[in-house]
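Next come the chains, spelled out residue by residue.
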Amino acid sequence: MDTMEAEIATLYELLGRHWTVGTAVTNTAFDPAGQGVAFALADGALAIAPLTDVEPAQDRCRAALDDGRTTISPRRKPVPPLTKVIISDAPLHLAPLGASDFVASDHGRLLRVSASGVTRVVSSNGAPIDVIAPVSAGGILTASGGSIIFYDSNGEMAWLQERVGGHTSAMAVSPDGRRFAIGADGRLLVRSFGPRPEPSASFELGSVSALSWSPDGSWLAASVGKTGIVLARLADARIVRIPTYPATVASLSWSADSRVLVTSGAYRMIAWDVSSLDDGSDQPKNLATGRARFVLVETVDIHPERGLVAAGYADGMVAVARIGQSDELVVRSPGRGAVHTLRWSSDGQHLAFGTSEGEAAIVTFPPYIFK
């Protein structure tokens with residue numbers, strides 16, 4: 001990795017835009033069009049920032065004529081402020097909707113929010129919303145009162161499945177949009193997408209707090225209580241349990257080729273070579289990634305195009321490492337709150353994250369920084 005001769009401690013200032021938002025950042029989402037990013041705040045507001053940087057790092061890069069070393073000049077202008085929208089008085093569920101909007105929940109309401117901060121009510125049925133999950137076609141699924149509702153990319157209600165389960169603790173839609181999985185009543189349920197589902201698959205796993213499909217749709221990864229993670233292969237109902245995590249796994253992320261699963265919940269980035277299960281092994285091979293520390297990894301996300309993992313730590317550090325390698329690029333130094341939410345943009349150029357002490361940030365990487 002090329003740090004472009006910048007001091008590691010100042011890389012955050014040189015490549016990033018960051019804002020003080022006054023309360024903890026609880027979730028982050030990019031719009032599908034790649035124009036903006038929204039930060040959900042603990043006080044019930046949304047903070048929205050454009051991805052376009054008025055002073056991008058590549059315009060501030062200079063290569064020395066004698067040795068070719070690259071440096072980045074500091075910004076000359078203040079970073080423009082965020083657009084802040086008051087949605088609720090409590091933490092929000094957040095997801096992208098359509099091409100360039102977001103949807104957030106306000107108790108029993110769903111509100112559509114544009115990048116400019118304009119809001120309109122999508123639904124208002126009064127029942128608290130448990131979770132929201134994005135759908136690849138641009139819509140969303142919501143779980144509320146034991147029922148699942150699909151809203152299309154226009155925000156219109158398209159179908160309803162009633163009495164699916166009790167309180168839904170996690171939900172994820174398969175990449176092909178044909179199935180969805182939920183954690184409810186101590187079980188992992190998989191159902192067909194649509195108003196008249198086929199019989200569901202059901203696995204007694206315990207309390208599920210996070211779910212993630214592999215991009216090829218063959219595996220489901222679930223964080224189960226305080227016991228670690230479970231991998232479920234739907235084709236043959238194979239269950240692989242990976243226990244002994246020091247903390248609850250809050251974050252699950254798959255590589256684009258579906259071979260590697262990276263998780264939070266330990267004192268380093270934990271990467272599992274799930275493809276190694278194809279040879280009959282009981283456990284996937286561990287790929288030592290990044291450096292072990294005495295601080296928990298709170299959140300992880302794999303780069304959409306490269307074998308890179310971004311991780312946010314309980315002490316506020318953000319680092320990027322190559323899968324299976326110890327070398328790290330420290331993007332943000334420790335301090336100023338834990339990083340509980342972190343996400344790459346779909347093109348892998350931007351990394352957005354927020355902290356428990358009210359800092360929201362977008363770090364935009366020049367295309368040549370990762371060699």
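As a reminder, the structure under discussion sits directly above these lines.
> Help me out: how do you make sense of the layout of surface pockets in this one?
Over the atoms, a rolling probe the size of a water molecule traces out where space has been left empty. Space inside the second largest pocket adds up to approximately 220 Å³. Lining of the second largest pocket is provided by 14 residues; of these, Arg179, Val190, Pro199, Ala201 and Leu234 occupy positions nearest its centre. Contributions of two or more residues to the lining of the second largest pocket are made by strand E18 (187-192) and strand E19 (201-204). Of the residues in the lining of the second largest pocket, the class split is seven nonpolar, four polar and three charged.

> Just to check I follow, could you spell out unusual backbone geometry for this structure?
Negative phi values dominate among residues other than glycine, just as trans dominates among peptide bonds. The residue Ala237 is not glycine, and still its phi comes out positive at about 60°. Structurally, Ala237 is set in the loop between strand E22 (229-233) and strand E23 (238-242). Phi angles above zero are rare outside glycine, and Ser258 is one such case at about 65°.

> I would appreciate a short explanation of empty space enclosed by the protein in the present structure.
Per the counting criterion, the structure on display carries one cavity of 30 Å³ or more. Here the largest cavity is characterised by a volume of approximately 50 Å³. Around the largest cavity, the lining residues are Gly108, Arg109, Leu110, Ser123, Asn125, Ile129, Thr142, Ser144, Ile149 and Tyr151. Grouping the amino acids of the lining of the largest cavity by side-chain chemistry returns four nonpolar, five polar and one charged.

> Help me out: how do you make sense of the side chain of Ser192 in this one?
Residue position: Ser192 is located in strand E18. Note on Ser192: relative accessible area 18%, which makes it buried. Each residue touching Ser192, except ones within four places of it in the same chain, is listed here: Gln161, Arg178, Arg179, Phe180, Pro197 and Glu198.

Quick notes on the rules
Residues numbered from 1 in each chain as written. Predicted model: local features only at pLDDT ≥ 70, side-chain atom pairs only at ≥ 80, totals over all residues. Heavy atoms only, no water. 1 Å grid on protein atoms, 1.4 Å probe; cavity = no way out; pocket = protein on both sides within 12 Å on 5 of 7 lines; lining within 4 Å. Points joined across faces, edges and corners; volume = space filled by probe spheres on them. Helix = DSSP H or I, 4+ residues; strand = E, 2+ residues; numbered from the N terminus. Nonpolar A, V, L, I, M, F, W, Y, C, P; charged D, E, K, R; others polar. Buried < 20%, exposed > 50% of the residue type's maximum accessible area, 1.4 Å probe, protein only. Contact = heavy atoms within 4.5 Å.

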